[in-house]
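Notes for the structure review
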Amino acid sequence: MKKLLFLLTLTASIFSAHAQKVYTESDINIIPKPSQTFIKTGVFEFTKDTKFVVNGDFQRDAANALASKFEVAAGWKPETTTKAPVSNFVQFKVDPNLKNEAYVLDVNPTSIVISAKGNVGFLYGLESVRQLLPEAIESKYAITSAKWQIPSLTINDEPRFKWRGLMLDLSRHFFDKNYILATIDRLAMHKMNVLHLHLVDDQGWRIEIKKYPKLTEVGAWRVDQENTSWNARLTTNPDEKGTYGGFFTQDELREIVKYASTKGIEIIPEIEMPAHVSSAIAAYPELACFNQRIGVPSGGVWPLTDIYCAGKETTFEFLQNVIDEVITIFPSKYIHIGGDEATQNQLGKMSALPKKNQRRETKRCQRVAKLLCKTYGKIHQLKR
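Residues numbered from 1 in each chain as written. Predicted model: local features only at pLDDT ≥ 70, side-chain atom pairs only at ≥ 80, totals over all residues. Heavy atoms only, no water.

**Focus: unusual backbone geometry**
Residue Met273 is joined to Pro274 through a cis peptide bond whose omega torsion reads -5 degrees. Counting through the fold element by element, Pro274 comes out in the loop between β14 (266-273) and α7 (278-283). Looking along the chain, the bond that leaves Trp302 and enters Pro303 is cis, with omega of -5 degrees. Tracing the backbone through its elements, the reader meets Pro303 in the loop between α7 and α8 (313-329). Non-glycine residue Glu341 carries a positive phi angle of around 55 degrees. Tracing the backbone shows Glu341 in the loop between β15 (336-338) and α9 (361-383). (Helix = DSSP H or I, 4+ residues; strand = E, 2+ residues; numbered from the N terminus.)

**Brief notes about the sheet that holds strand β4 (residues 89-94)**
Pairing within the open sheet is mixed, and its seven strands lie in the order β1-β7-β5-β6-β4-β2-β3. Taken across any chain shown, the strands that pair with only one partner, and hence form the sheet edges, are β1 (36-45) and β3 (79-81). Sheet twist, expressed as the average angle between the axes of neighbouring strands with direction ignored, equals 20 degrees. Alignment of β1 against strand β7 (residues 149-157), held across seven bridges, turns out to be antiparallel. Residue pairing across strands places Phe38 opposite Thr154, the latter belonging to β7. Against the sheet, helix α2 (residues 57-73) contacts β2 (51-53), β3 and β4, and its axis sits at roughly 160 degrees relative to β2. (Pairing = 2+ DSSP bridges. Axes fitted to C-alpha atoms, helices over the stretch in contact; angles between N-to-C directions. Contact = heavy atoms within 4.5 Å.)

**Observations concerning α8**
Given a rise of 1.5 Å per residue, 17 residues ought to cover 24 Å, and the 25 Å separating the end C-alpha atoms of α8 matches this to within 8%. Those residues of α8 that fall on the buried side of the exposure criterion are Thr315, Phe316, Phe318, Leu319, Gln320, Val322, Ile323, Glu325, Val326, Ile327 and Ile329. (Expected span 1.5 Å × (residues − 1). Buried < 20%, exposed > 50% of the residue type's maximum accessible area, 1.4 Å probe, protein only.)

**Overview of the pairing of β14**
The buried count for β14 comes to seven of eight residues, which makes it a mostly enclosed element. Bridge analysis of strand β9 (residues 194-198) against β14 gives five bridges, and the strand direction is parallel. Pairing of Val194 across the sheet is with Glu266, part of β14. Taken together, the two bridges between β14 and β15 define a ladder with parallel strand orientation.

**Notes on the confidence of the model for the protein chain**
Averaged over all residues, the pLDDT of the protein chain is 89; the fraction at 70 or higher stands at 84%. Within the model, the stretch residues 4-18 combines pLDDT values under 50 with one contact to residues more than four positions away or in other chains. Of the regions scoring below 50 in pLDDT, residues 356-362 engages in twelve contacts with residues more than four places distant in sequence or in other chains. (pLDDT = per-residue confidence, 0-100.)

**Digging into the environment of Thr314**
Here Thr314 is to be found in helix α8. With relative accessibility at 45%, the residue Thr314 sits in the partly exposed group. Between the C-alpha atoms of Thr314 and Glu286, which are 28 residues apart in sequence, the distance is 8.7 Å.

Next up, the structure:
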């Protein structure tokens, strides 16, 4: 009897050790939640022999991004190939009937197939595979005890919203290129497609403009008052050198834009005007109505009285020159120009300006509209 009990216990232990987890919908923690998820029986397990079947550079790069995580977390890296083996593979298939960002993820015990119309759908499908894997896939060191399994299932998914974005306020607090690239990775992981970079505001000018080097030599740096709350910081002296800040070169921004495009993300730059531009006026006082010298603010500013002067033709020449350089860096459909909180009390003091009477409200708005129309025309020409 004891012998029989021992054998039964041993058999039960063996079956328990080899039993596969039964997945339910609560185990599927993909963000954002897919449109439809159908759970099937069994699992697919990644091993050192798993192959990614790819066609073209984009699929290869996307596959290698996930394979590199296995290399770190598992200690081995799945290979890419152009021909599907009998089993144990991940494959991309083109389905022209799907929408641009949609994908179908079909996971079976022997294979994973991601169907999409184009590259972004393939990327999103692969990101869903990444989120289905154990959290250990994000580890920075090898975890030998992990089982690299995901449930057999079918996911039909497409974005609910056309614009899925994040805005980074780089003017108030600067983050370097590597931080931006890491942020792009996180956006792609969550199937977001817009990164709005707030590059200009009172507290810092963050984009290199070759025609106006002082925008970054002066405007990118403010006096360090980071140990004081934002609205309690003192007015800065224009003669005191700023040490807190930074900026992106045009080459760095082009690298960011190029990398983002491989992740299905559009970069939208924000270049403030006519207010929130103390950093520009600190660099070039002649942009203000009365050439006042100011320092780059270290904290909150209100009201906003240091704004671009609409009574000077040189103001519009400056803005045109800035936008001309911006549109060669960013191929985005939009450029954000702010346009808020421009205190108009300076306009009433413009009688000293020779062209004051030519800058009535209608004229001024027409001039701005003309500038924007001209800018749009140049963007259109660059994209043709």
